[in-house]
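# Observations on the three-dimensional arrangement
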Amino acid sequence: MHILFLTDNFPPEGNAPATRTYEHAREWVKLGHKVTIITGVPNFPEGKVFAGYKNKWFQKEIIDGIEVRRVKTFITANEGFVKRTLDFLSFMATGFFAGLFVKKPDVIVGTSPQFFTACGAWALSAVRRKPFVFELRDIWLTSITAVGAMEKSAAIRFLEKVEMFLYRRADRIVSVTHSFKRELLDRGIDGDKIGVVLNGVDLSTYKPVKCKDEELAERYGLTDKFVLGYVGTHGMAHALDKVLDAAALLKENDKIRFLFAGGGAAKEQLNEGITGRDLTNVVSIPRQPKEMMPRLWSLCDVSLISLKDTELFKTVIPSKIFESMGMGLPMIICAPKGEATDIIEWTDSGLIIEPECPKKLADALRLLVNESDMNNTFAANAYRHASLYDRKVLATKMLEEFEQSIKKRAS
């Protein structure tokens, strides 16, 4: 099978969409399939082109057997609805054009969170008469209104019509959560064409460690400290200002440190809050290459998953849950009760507290510091369940979805 995959993000970018696509594609190649990725030059989340790349009309490279074709786009930081939309639209156009020159694809896949990439994939499938698979990573329009990035408007209503058009035209929809599938069913989309392939973890890379990375621990003053780590994108959805409020409540406890590692739209505001409030118990590390992630995770005694208190976030599953499991880390999740909290609850791998509640976060952290047996139990349960989310297994499930789309188109 030749899989043509359009994605706005791909390594060396290290966000969840880039990681999922790369780890799936790598497994597909190992299984004997041909994979062509169309993407932009790496620039997420700061909107700055990574070293070694240029924003050219076309460039090609091979990464672990995956053919990666990079196209020119309008580049901006991961903030601001209008500029980001221009970025998405530009990739839709240049990605579509580049896809016309890919030889003999069997299936064409477009991934969200934003759905303009899927628009380009659908247009390619229509022109080339190949199955179109929509990988649904987020209900994008609901997300941008939920975090306050944009109010409900005529533009949003128009985009909702485009969104529904894509759902109806897709030969197959692959959702990353069961909640997204239920939402599409409620909106009248045929359930027979919707599959679910959750996010996961590369267990060849993420595994428990016996001690913290000595060099990093010494550099950031984390040796012999109990570290609550937030590792990943710092976005508007994550209520990180409330985490700083919890850090302020624990400022006098010299044993505890808060670690933030990553970049995103909320990173600058976070750093300003740390400096302005003189939070000496908080360490902020900028975005690092993907290969650094296991070393960063090794610094953590507990992983933090934080989301804003909105209805939408009952339906999402942050990918850092699975990386935490792979590292054998207990978790504290501050999120509305839903699919993510359900995973923590049934695996018994951490504490669930109300979102945006600094006092309860501080209390939970105090509890885990003092209850080592509880901490160790959560850690063991996290790792024991990690195999359920092995990326190799999930990549195979994704292939089955592609095969169904091909069979449907042929029938």
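Refer to the structure presented above.
Residues numbered from 1 in each chain as written. Predicted model: local features only at pLDDT ≥ 70, side-chain atom pairs only at ≥ 80, totals over all residues. Heavy atoms only, no water.

The subject of this paragraph is helix α6 (residues 178–186). For α6, the full list of buried residues reads Ser-179, Phe-180 and Leu-184. Down the axis of α6, the buried side of the element spans an arc of 140°, and every buried residue falls inside it. Between the side-chain oxygen at the start of α6 and the backbone nitrogen of Ser-179 there is a gap of 3.4 Å, and the oxygen is on Thr-177. Remark: Gly-188 follows α6 within two positions and exhibits a positive phi of approximately 90°. (Buried < 20%, exposed > 50% of the residue type's maximum accessible area, 1.4 Å probe, protein only. Helix = DSSP H or I, 4+ residues; strand = E, 2+ residues; numbered from the N terminus. Arc of directions from axis to C-beta. Polar contact = N/O pair within 3.5 Å; in protein donor to acceptor, adjacent residues only side chain to side chain.)

This next bit is on the nonpolar core. Counting 71 residues, the largest nonpolar core has Phe-134, Tyr-167, Ile-173 and Ile-321 as the members making the most contacts within it. In terms of residue count, helix α3 (residues 116–128) provides more of this core than any other element does, five residues in total. Sequence-distant contacts of Tyr-167, that is, excluding residues within four places in its chain, are made with Phe-134, Leu-136, Ile-139, Ile-173, Leu-184, Arg-187, Ile-189 and Lys-193. Within the second largest apolar cluster, 29 residues are counted, among which are Ala-246, Cys-334, Ala-362 and Leu-365. (Core = buried A, V, L, I, M, F, W, Y, C linked by side-chain atoms within 4.5 Å. Contact = heavy atoms within 4.5 Å.)

Looking at where Ala-247 falls in the secondary structure, it is placed in helix α8 (residues 240–249). Here Ala-247 is in contact with Phe-258, Leu-279, Asn-281 and Val-282, once residues within four sequence places are set aside.

Turning our eyes to something else, we now look at the sheet that holds strand β10 (residues 256–261). If you walk across this open sheet you meet the six strands as β11-β10-β9-β12-β13-β14, and the pairing is parallel. With partners counted over all chains shown, the strands left at the sheet margins are β11 (282–285) and β14 (350–353), one partner each. Pairwise comparison of adjacent strand axes, ignoring direction, gives a mean angle of 20° for this sheet. Examined bridge by bridge, strand β13 (residues 331–334) and β14 share four bridges and lie parallel to one another. Across the sheet, Ile-333 pairs through a bridge with Ile-352, a residue of β14. Those strands touched by helix α13 (residues 358–370) are β9 (226–231), β10, β12 (302–306), β13 and β14, and its axis lies near 160° from that of β14. (Pairing = 2+ DSSP bridges. Axes fitted to C-alpha atoms, helices over the stretch in contact; angles between N-to-C directions.)

As a further point, take a nonpolar patch on the surface. On the surface, Phe-74, Val-82, Leu-86 and Leu-89 cluster together into a nonpolar patch covering about 340 Å² of accessible area. Topologically, Leu-86 is positioned in helix α2 (residues 81–99). (Patch = residues over 30% accessible without salt bridge, like charges linked within 9 Å, V, L, I, M, F, W, Y side chains within 5 Å. Areas by Shrake-Rupley, 256 points an atom, 1.4 Å probe, with all protein chains shown as cover. Salt bridge = Lys/Arg side-chain N within 4 Å of Asp/Glu carboxyl O.)

The eight strands are arranged β3-β4-β2-β1-β5-β6-β7-β8 in an open sheet whose pairing can be described as mixed. At either end of the open sheet lies a strand with only one pairing partner, and these are β3 (58–63) and β8 (194–196). Across the sheet, the mean angle from the axis of one strand to that of its neighbour is 20°, orientation sign disregarded. Pairing of strand β1 (residues 2–6) with strand β2 (residues 34–40), which is carried by five bridges, proceeds in the parallel orientation. By the bridge assignment, Phe-5 is partnered in β2 with Ile-37. Contacts from α3 reach β1, β5 (107–111) and β6 (132–136) within the one sheet, and its direction differs from that of β5 by about 165°. The strands that helix α5 (residues 154–169) touches are β6 and β7 (172–175); relative to β6, the one it contacts most, it runs at about 125°.

Within strand β4 (residues 66–71), six of the six residues are buried, which leaves it mostly tucked inside the rest of the structure. Inspection of the sheet shows β2 paired to β4 by five bridges, in the parallel sense. The partner of Thr-36 across the bridge, within β4, is Glu-67. The pairing of β3 with β4 spans six bridges and is classified as antiparallel. By the bridge assignment for β4, Gln-59 is matched with Arg-70. If you look at the hairpin formed by β3 and β4, you'll find two residues sitting between the two strands, and Asp-64 has a positive phi there, around 50°.

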